[in-house]
Amino acid sequence: MNFATKKHDYESSIFSGLTAAAAWLIVAILAVILANITWYGLPGLSWNFIAGSTEKDMFNPDHASVMPMIFGTAALVILMTVMVVPVGVITAIYLTEYAHSSSPMTRFIRGAVNNLAGVPAIVFGLFGLGFFISFVGGGIDELFYGATAEPVWGKPAIIWAALTLATLTLPVVIVATEESLKAIPPGLREASLALGATKLETVVKIVLPQALPGILTGSILAVSRGAGEVAPILFTGAAYYMAHLPSKLTDQFMELGYHVFILSTQSPNIEQTRPILYATVLVLLLLTFALNVVAIAIRMRIRKKLRSLH
Amino acid sequence: MSAITNPLIETRDLRLFYGSTLALKGINVDIPERQVTAFIGPSGCGKSTLLRCYNRMNDLIDNVRIEGSIKIAGQDINSKDVDVIELRKQVGMVFQKSNPFPKTIYENVAYAPRLHGTKNKADLDAIVEESLRGAALWDEVKDRLGSSSLGLSGGQQQRLCIARAIAIKPQILLMDEPASALDPIATARIEELVRELKKEYTIVIVTHNMQQATRISDYTAFFYIGEMVEFNTTKRIFTNPAKQQTEDYVTGRFG
Amino acid sequence: MSAPLNNKRTQGWMGLKRGHRARPLEWVAEKLIFLVSLSAIITTLLIFVFITRESLPILFGQMDSSHQTLVIPVADMSKYSDKELSKYLDMPETDFKAMDAETRQLMMEVKAEATEERPSDKDAGINTASWRYLLMPHQWTGYDKSSYIWQPVSEIHKYNIVPLLVGSLKTTLVAMLFAVPLALGAAIYVSQLASNAAREWIKPIIEMLSGIPSVVMGFFALLVMATVLQDVFGYASRLNALVAGIALGFAIIPVVFTIAEDALTSVPRAFSQAALALGASRWKATWQIVLPAALPGVLAAVILGFGRAIGETMIVLMASGNASIMSFSPTDSTRTITATIAAELAETVFGSHHYRLLFMIGLLLFIVSFFSNLAGELIVHRLKKKLEGRA
């Protein structure tokens with residue numbers, strides 16, 4: 001038997017090389033995008049830019065500020081989170097702790113969650129318009145103000161935009177929470193029940209505290225998503241220019257992502273606007289991308305910790 | 001079957017179905033009070049399943065159906081008007097794989113008493129100490145009650161689980177192979193503990209270790225593929241069993 | 001040992017018989033939790049219902065966008081029923097009924113004036129919102145041949161949706177051609193060939209691409225990529241399906257990568273190890289054993305990538321040029337369904353045929369993404385079952 005002659009495996013080398021190149025190319029693309037935005041955006045980040053107030057001439061580098069957009073985005077996202085996290089967490093709790101895994105209702109709910117996750121963002125925008133603004137808002141107006149009066153609730157507003165985003169990010173919260181609930185060993189639940197605790201007590205005292213990091217991850221991912229999606233808020237509340245910050249639920253608002261869109265496509269002089277545009281994109285990216293990275297980092301830490309526990 | 005006067009648990013014609021599979025095929029056994037009864041038999045014969053019937057932990061599994069009756073202190077525990085929460089307060093369980101809550105040692109033991117109404121700190125302190133003493137763990141942890149339970153060794157964690165279970169003073173303590181995951185020294189301590197505990201609690205212990213059964217139990221029931229083959233005092237089962245099958249098992253002809 | 005505090009040393013039991021009715025709080029909590037978790041189903045249903053609601057009139061051919069040739073003089077108003085008048089005025093009957101007599105008269109006068117001014121175009125009387133004109137080509141005034149035109153904002157409203165369908169499919173195709181080889185190649189590398197150390201950080205980095213909002217991707221395509229690509233390829237239109245398609249491809253790489261990588265990693269190591277032990281090279285083991293085993297999951301990844309790409313809005317809105325012309329060339333400026341909805345909805349009159357048509361193509365989008373999602377899910381589900389059965 002002769003094992004000595006080693007023929008070089010060209011096939012595998014080329015194969016490995018190509019696939020590795022694909023992976024590296026993707027990483028390179030990401031790096032290029034981030035580098036480009038940071039390079040051109042950083043110089044524009046002055047204090048005035050971040051904290052000043054914006055005037056109507058928002059395309060002029062001397063007058064522009066993203067403060068109203070940051071405020072609007074923050075207000076939008078906070079409203080959204082307050083609504084989506086409880087609903088998402090409770091749904092995940094039902095699916096993991098209470099539902100019988102084989103029942104048709106459970107599969108129906110899971111199917112709906114998966115379907116929601118794939119619905120295009122613009123369709124959510126249509127939903128926001130057709131349901132929240134026309135039906136709910138219009139209905140409230142009819143009830144309280146009469147059919148022909150000036151619309152108060154039945155027009156684009158931060159509350160409707162927040163609700164629209166909440167429906168969009170619902171699957172994100174549900175999936176992340178379910179993942180963290182499933183990672184809790186069943187032995188803990190059994191121990192609690194064997195001591196005479198009810199299911200509700202077990203969920204509240206034993207399961208939820210353990211699931212908190214996962215719920216946090218899900219919330220952060222939802223926030224990152226909500227801050228970045230523009231299509232759903234195009235006709236549900238985002239405004240080109242507002243002279244004052246949103247103070248009521250029925251107000252419209254300026255928003256970071258929407259502003260990037262406006263600056264990119266409506267600027268009378270793109271060369272003049274370029275620096276502000278880049279700076280705005282950088283701020284948006286810092287917000288969403290950084291949040292995303294933080295969430296994924298938390299998730300990886302949790303997974304590592306759990307692996308050592310089992 | 002040797003006649004037990006005033007049995008605490010009476011099992012009559014118990015049949016248990018997993019879906020359409022018959023896992024327990026008509027069990028009849030009486031568990032005496034304040035004694036240690038061991039359930040022995042090869043893996044998969046249904047002893048753990050039967051044990052879990054006594055505190056209705058099988059309710060947690062979909063597709064399980066029960067026929068026949070289990071009476072504890074004369075009451076049918078499967079009847080519709082039984083509060084299963086109350087049942088589990090009176091029938092405690094220690095699991096094969098120790099499962100302390102990821103909380104402090106104190107919190108683990110205080111969990112059940114707190115749940116069932118004890119709020120006063122002084123009362124809880126007393127219960128925690130008493131339970132930890134009862135589980136022969138007090139001396140080792142008394143200075144670090146506030147530390148995480150996950151920092152304890154495997155044997156200590158299991159004793160913590162025992163302390164947690166006896167904190168609410170159940171009438172019956174069900175132990176499902178409590179020492180199978182432990183080293184010989186830890187196992188010996190658990191066995192010693194069981195001998196102490198039987199003074200106050202009725203204990204039913206599932207074990208695949210026959211020598212353990214001889215060391216700690218007063219009565220033994222031998223199970224084989226879903227049926228209870230023989231029940232008698234431990235001495236008789238191991239020295240002069242009535243059934244051939246029992247003799248084959250205890251002498252190691254099959255395992 | 002001091003006297004135990006919850007001493008149940010007594011013979012007999014107290015309180016065992018309370019039954020499941022003893023804990024109403026539990027029961028209520030459980031029902032509430034169930035109701036809240038219906039939210040996902042309810043939401044999906046509401047989306048479907050309300051989008052369909054706005055598009056129904058178009059779907060059933062009940063909208064008429066033609067310019068009236070009939071004029072109903074204000075004086076003759078009383079000769080017609082409410083239903084006929086509301087149809088004449090092109091508004092829902094309920095709205096018409098809600099108006100008072102003065103307003104009605106005003107509306108009739110406005111309509112009479114508008115009808116007087118109607119265009120003299122030969123096509124003025126055509127109901128362009130009917131299915132024939134939505135889908136089939138027509139020779140409009142000013143065009144030398146029968147063509148597919150989407151041009152809602154003109155005197156004669158041209159509502160042919162075919163250019164939009166072609167635009168969406170074209171851009172998505174470019175995106176898939178760009179993204180799928182890259183994502184699959186990377187997935188194969190990360191799951192089969194990379195060292196453990198490399199896998200630890202390449203995988204999260206690629207998945208990080210999904211953290212870039214699509215509006216940022218669109219911005220990057222518009223400002224940077226469009227210029228670069230035009231310099232490289234030298235075509236006429238700076239913003240077109242190619243630019244948008246490539247940027248769209250970037251955006252769907254994480255989706256395709258994650259699912260494909262999952263599928264490949266789920267193939268038991270035992271398979272490739274058996275192949276290697278039999279003397280196969282790494283390449284052969286992966287290509288002939290692992291990939292076929294992971295094929296359903298890889299297929300699902302591609303389908304889900306397609307669904308994501310066809311539904312994407314901001315990138316195409318900003319980078320595809322938005323010219324709603326009918327063309328199969330990727331270097332022509334193009335308009336997709338999503339960009340159309342995004343760009344035009346704000347300008348429409350609530351309840352008008354344009355408005356309803358936009359909702360209708362939105363419904364189309366919803367249905368397409370629903371089915372592509374369903375297909376992907378079913379394949380992944382079957383894949384999981386198969387592997388579990390084996391493992």
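Analysis parameters
- Residues numbered from 1 in each chain as written.
- Chains lettered and ligands numbered in written order.
- Predicted model: local features only at pLDDT ≥ 70, side-chain atom pairs only at ≥ 80, totals over all residues.
- Helix = DSSP H or I, 4+ residues; strand = E, 2+ residues; numbered from the N terminus.
- Rg over C-alpha atoms; globule rule 2.2 N^0.38 Å.
- Buried ≥ 20, exposed ≤ 12 C-beta atoms within 10 Å, placed from the backbone.
- pLDDT = per-residue confidence, 0-100.
- Pairing = 2+ DSSP bridges.
- Right-handed = clockwise from strand over helix to strand, strands pointing away.
- Expected span 1.5 Å × (residues − 1).
- Bend = angle between axes of the 7 residues up to and from the residue.
- Contact = placed C-beta atoms within 7 Å.
- Nonpolar A, V, L, I, M, F, W, Y, C, P; charged D, E, K, R; others polar.

Caption draft 1: Local environment of the overall build of chain A. For chain A, the count of helices and strands is 10 helices and 0 strands. Each helix (α) and strand (β) of chain A, taken in turn from the N terminus, gives the series α-α-α-α-α-α-α-α-α-α. Taken over the C-alpha trace, chain A has a radius of gyration of 25 Å; the compact-globule value for 310 residues is 19 Å, which it surpasses by more than 25%. Counting across all 310 residues of chain A, residues that qualify as buried make up 48%.

Caption draft 2: Focus on the confidence of the model for chain A. Model confidence for chain A is summarised by a mean pLDDT of 87, while 91% of its residues fall at 70 or above. Within chain A, the element-level pLDDT minimum falls on helix α2 (residues 47-51) of chain A, averaging 69, and the maximum on helix α6 (residues 158-182) of chain A, averaging 94.

Caption draft 3: Structural context of the pairing of strand β7 (residues 172-176) of chain B. Residue and element names in this part refer to chain B. Within β7, 5 of the 5 residues are buried, leaving the element largely enclosed by the surrounding structure. Burial of β7 is two-sided: the residues I172, L174 and D176 facing one way and the residues L173 and M175 facing the other way are all buried. Direction of pairing for strand β6 (residues 91-94) relative to β7: parallel, over a ladder of 4 bridges. Following the sheet pairing, V91 is matched in β7 by I172. Pairing analysis gives 5 bridges linking β7 to strand β8 (residues 202-206), with the strands arranged parallel. Opposite L173, over in β8, you have I203 as the bridge partner. The handedness of the β7 to β8 crossover, carried by helix α7 (residues 184-197), is right-handed.

Caption draft 4: The arrangement of α6(A) in detail. All names here are of chain A. Between its first and last C-alpha atoms α6 spans 35 Å; for 25 residues at 1.5 Å apiece the expected length is 36 Å, and the two agree. Along its length, α6 shows its largest kink, about 45 degrees, at T169, and proline P171 lies within four residues downstream of that point. Most of α6 is tucked away: 22 of the 25 residues are buried.

Caption draft 5: Looking closely at helix α12 (residues 282-310) of chain C. Its 29 residues give α12(C) an end-to-end C-alpha distance of only 36 Å, which falls more than 12% under 42 Å, the value for a rise of 1.5 Å per residue. In the structure, α12(C) departs most strongly from a straight axis at C:L295, where the bend amounts to approximately 60 degrees and where the proline C:P296 lies between one and four residues downstream.

Caption draft 6: Examining the interface of chain C and chain A more closely. Of the residues lining the interface, 65 residues belong to chain C; the matching set on chain A comes to 68 residues. Here the side of chain C that touches chain A takes 11 residues from helix α2 (residues 39-59) of chain C, the largest share from any one element. Broken down by class, the residue content of the side of chain C that touches chain A amounts to 44 nonpolar, 14 polar and 7 charged.

Caption draft 7: Region of the structure containing the sheet that holds strand β4 (residues 64-72) of chain B. Residues and elements named next belong to chain B. Overall, antiparallel pairing links the 4 strands, which are arranged β2-β1-β4-β5 in an open sheet. Bordering the open sheet on either side are β2 (21-31) and β5 (75-76), each of which pairs with just one other strand. As paired elements, strand β1 (residues 9-18) and β4 share 8 bridges and run antiparallel to each other. Paired with R15 across the two strands is E67, which belongs to β4.

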